Amino acid sequence: MLLKNLLENVKVIKLQGNENLECNDIAINSKLVTDKSLFICLKGNKFDGSAFVNEAIENGANVIVCEKEIVCDATCVVVENARKALSSIASNFYGKPSNLMRIISVVGTNGKSTTAYIIYNLLKNYGIKAALIGTMYVEYDGIRKESTMTTPDPIELNCMFKDMCQVGVRYVVMEVSAHAIFYQKLYGIKSFVKVFTNFSQDHLDFFKNMDDYRKCKQSFFLEKDNSIHVINMDDNLGVELIKKSKNETITYGLSNPSDVFCIDIENKSDGSGYILNLFDSIMDISSKFFGRFNVYNTMAAAIVAKLCGVKDYSIEQTLSLLKPPEGRFNVFEINKVKYIVDFAHTPDGLFNLLKEAKKISRGKMITIFGCGGDRDTSKRAIMGRIAKNMSDIVILTSDNPRTEKKEAIIEDILQGITNKDNLLIEVDRKKAIALGSKIANDGDIVLIAGKGSESYIEENNTFIPYSDIQEVSNLSV
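What counts, and where the lines are drawn
- Residues numbered from 1 in each chain as written.
- Predicted model: local features only at pLDDT ≥ 70, side-chain atom pairs only at ≥ 80, totals over all residues.
- Heavy atoms only, no water.
- Salt bridge = Lys/Arg side-chain N within 4 Å of Asp/Glu carboxyl O.
- Helix = DSSP H or I, 4+ residues; strand = E, 2+ residues; numbered from the N terminus.
- Buried < 20%, exposed > 50% of the residue type's maximum accessible area, 1.4 Å probe, protein only.
- Phe/Tyr/Trp six-rings, centres within 6.5 Å; stacked < 30°, edge-to-face > 60°.
- Pairing = 2+ DSSP bridges.
- Axes fitted to C-alpha atoms, helices over the stretch in contact; angles between N-to-C directions.
- Parallel < 35°, antiparallel > 145°, perpendicular 65-115°, else oblique.
- Left-handed = near helix turned anticlockwise from the far one by under 90°.
- Contact = heavy atoms within 4.5 Å.
- Right-handed = clockwise from strand over helix to strand, strands pointing away.
- Expected span 1.5 Å × (residues − 1).

Q: Help me understand the pattern of salt bridges in this model?
A: Once their charged atoms are close, side chains differing in charge can pair, the charge on each being opposite to the other. Counting across every chain of the model gives 25 salt bridges. Close ionic contact of Lys129 with Asp141 constitutes a salt bridge, the shortest N to O distance being 2.9 Å. Here Lys129, found in the loop between helix H4 (112-125) and strand S7 (130-133), pairs with Asp141, found in the loop between strand S8 (137-140) and strand S9 (143-146); they are 12 residues apart in sequence, far enough to count as distant. Since its relative accessible area comes to 32%, Lys129 is described here as partly exposed. For Asp468, the salt bridge identified is with Arg429, shortest N-O distance 2.9 Å. Residue Asp468 is found in helix H16 (residues 468-474), and its partner Arg429 is found in helix H15 (residues 429-439); the two are separated by 39 residues along the sequence.

Put into structure tokens, the structure is as follows:
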């Protein structure tokens, strides 16, 4: 593709060279540059892409895109914002595929994966050709791929969009992380619907404080862009967004007056039941999803499905038959003990998980969890306090330690626990689950939080095969 076509909708400050150059590829990693590639210099906390320009040129780059003038043996394009330029260039390179589909963006601290999963299945079960992009996996047209991150980088994302277009996908349901918003990964991509689930503490290793984190989430909803906003009315930031939104807004909630709401919520042995009022269409739902938080996820998903043209009968039927996604409040009963595996890895997520788990408990609550390394350290003590206050027995273990020492992470968690009674430590996660099983009696719940459907433990830059779900399954053998 010609350079001048790649630069469509990019704010160019200066172009030094030939705009009619042919570019065969785009890259942000100098080691992945091939002949006649356009190399984009991105800045991060620990790197500056401009330091790798010479390597990129040696590997075949004929165009360099950066935020400052660089003297080099290639055409140099100086842009106002390299992150925005990357998003626009990637979209142009793959033929602006997002314009040919309707994008449904799901934003929030907790509930993104489950809400996106429910929306995707509501569309798919109605016969609408849809795709899902998120933390758990990427799925479309019978293809399922493992996710590398919650929201892919623009080059990978637009390549996916192109593939989806080619097989006739009409709607793409995707999780949008705070990091994706910060790094402008979706710049220039128009959303048909933007969903806001909730806001609570997470990612303070990156955003440093809750105000910066809140502003980042909020920024995604402030632009007047003709998208429809589906907002949780019971969340404080949700209320702010409703007041500031310049777009059509639809609300959902359980505590505050909302466009869509549920009543008569009851816990069942195999899920929950409730009456869903969807724009005055009344649906009696007997769901296989546990917990009040999943009622919120359901409401948001039902609204989006309705906006996409899914009929009421199909929404009601799917919500009653759909099973929870893997690793999200999955309940297993082995030898009269219930085991719950969930992805909860934030203070609010763990609190809500324990709150709902206690509703189906007939005995002790045994909680097994750890915290990830190289992430927000301030939440560790908070999660320790929550787990201890809401459990009969707590077993502290490792999660994804990454480059930190497992024992040091557990020490941080212990700072939030004053009463050490009924507190056990087993650094090996597999052994921790075996220990929980050993001390559990009939009617007890063993709750295993933090990893959900993850199939690895990340330690010292190595991904070691491991699964909480598999370890629980092994207990029945």
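Q: Hey, could you run me through the packing of aromatic side chains in this one?
A: Between two aromatic rings, the relevant description is the distance of the centres plus the angle of the planes. Evaluated as defined, the whole model comprises 15 aromatic pairs. Between Phe196 and Phe221, the ring centres sit 6.1 Å apart and the planes meet at 85 degrees, which makes this aromatic pair edge-to-face. Taken together, the positions of Phe196 in strand S11 (residues 191-196) and Phe221 in the loop between helix H8 (210-219) and strand S12 (228-232) put the pair 25 residues apart, joining distant regions of the chain. Overall, Phe196 belongs to the buried group, its relative accessible area being 0%. An angle of 15 degrees between the planes, with centres 5.2 Å apart, marks the rings of Phe290 and Phe329 as stacked. With Phe290 in the loop between strand S16 (281-287) and helix H10 (292-307) and Phe329 in the loop between helix H11 (312-321) and strand S17 (330-334), the pair connects residues that are 39 residues apart, well separated along the chain.

Q: Please clarify how the pairing of strand S23 (residues 456-459) should be interpreted in this entry.
A: Two strands pair when backbone bridges link them, and S23 and strand S24 (residues 462-465) are joined in this way by 4 bridges, in the antiparallel orientation. Across the sheet, the residue bridging to Tyr456 is Pro465, located in S24. Turn length for the S23-S24 hairpin, with the two strands adjacent in sequence and antiparallel, is 2 residues, and the turn residue Asn460 shows positive phi of about 50 degrees.

Q: What is the right way to read the packing of helix H3 (residues 82-93) against helix H5 (residues 154-166) from this model?
A: Packed helix pairs are specified by the crossing angle of their axes together with the interaxial distance, meaning the distance between the axes. Between H3 and H5, the shortest axis-to-axis distance is 9 Å and the interhelical angle comes to 25 degrees. Classified by the angle between their axes, H3 and H5 sit roughly parallel to one another. Two packed elements cross with a definite hand, and for H3 against H5 that hand is right-handed. Residue-level inspection shows Leu86, Ser87, Ala90 and Ser91 of H3 in contact with H5, the latter providing Pro154, Ile155 and Asn158.

Q: Quick question: what am I supposed to make of the sheet that holds strand S19 (residues 365-369) here?
A: In any sheet, the strands associate via hydrogen bonds between backbone groups, in a parallel or an antiparallel arrangement. Strands sit in the order S17-S18-S22-S19-S20-S21 across an open sheet of 6 strands; the sheet is mixed. With one partner strand each, in any of the chains shown, S17 and strand S21 (423-425) form the two edges of the open sheet. Each neighbouring strand pair of the sheet contributes to a mean axis angle of 20 degrees, computed without reference to strand direction. Helix H12 (residues 347-358) rests against strand S18 (337-342), S19 and strand S22 (445-449) of the sheet, and its axis sits at about 160 degrees to S22.

Q: Can you walk me through the pairing of strand S20 (residues 393-396) in this structure?
A: Moving residue by residue along a regular strand, the side chains alternate between the two faces of the sheet. Where burial is concerned, the two faces of S20 agree: the one with Ile393 and Ile395 and the one with Val394 and Leu396 are both buried. Here 4 bridges tie S19 to S20, and the two strands are oriented parallel to one another. Within S20, the residue paired with Phe369 across the bridge is Leu396. Viewed along the sheet, the connection from S19 through helix H13 (residues 378-390) into S20 turns out right-handed. Here S20 pairs with S21 via 3 bridges, running parallel. Within S21, the residue paired with Val394 across the bridge is Leu423.

Q: Looking at this structure, how should I read H12?
A: Each full turn of the α-helix corresponds to 3.6 residues, which orients residues three or four apart in the same direction. When the terminal C-alpha atoms of H12 are compared, their 17 Å separation across 12 residues agrees well with the 16 Å that a helix rising 1.5 Å per residue should span. Taken together, the buried positions of H12 are occupied by Pro347, Gly349, Leu350, Leu353, Leu354, Glu356 and Ala357. On its buried face, H12 is in contact with strand S14 (260-268), H10, S18, S19, H13 and S22.

Q: Explain the sheet that holds strand S15 (residues 271-278) here, please?
A: Here we have 11 strands laid out as an open sheet, ordered S9-S8-S7-S10-S6-S11-S12-S13-S14-S15-S16, and mixed in their pairing. Every other strand in the sheet has two partners, leaving S9 and S16 as the edge strands with one partner each. For this sheet the average axis-to-axis angle between neighbouring strands, irrespective of direction, equals 15 degrees. Relative to strand S10 (residues 171-175), S7 is paired through 4 bridges, and the arrangement is parallel. Note that in S10 the partner of Ile133 across the bridge is Met174. Contacts between H4 and the sheet are confined to strand S6 (102-107), S7, S8, S10 and S11, with S10 contributing the most and set at about 170 degrees to the helix. Packing of helix H9 (residues 236-244) onto the sheet brings it into contact with S11, S12 and strand S13 (249-253), and relative to S12 it is tilted by some 150 degrees.

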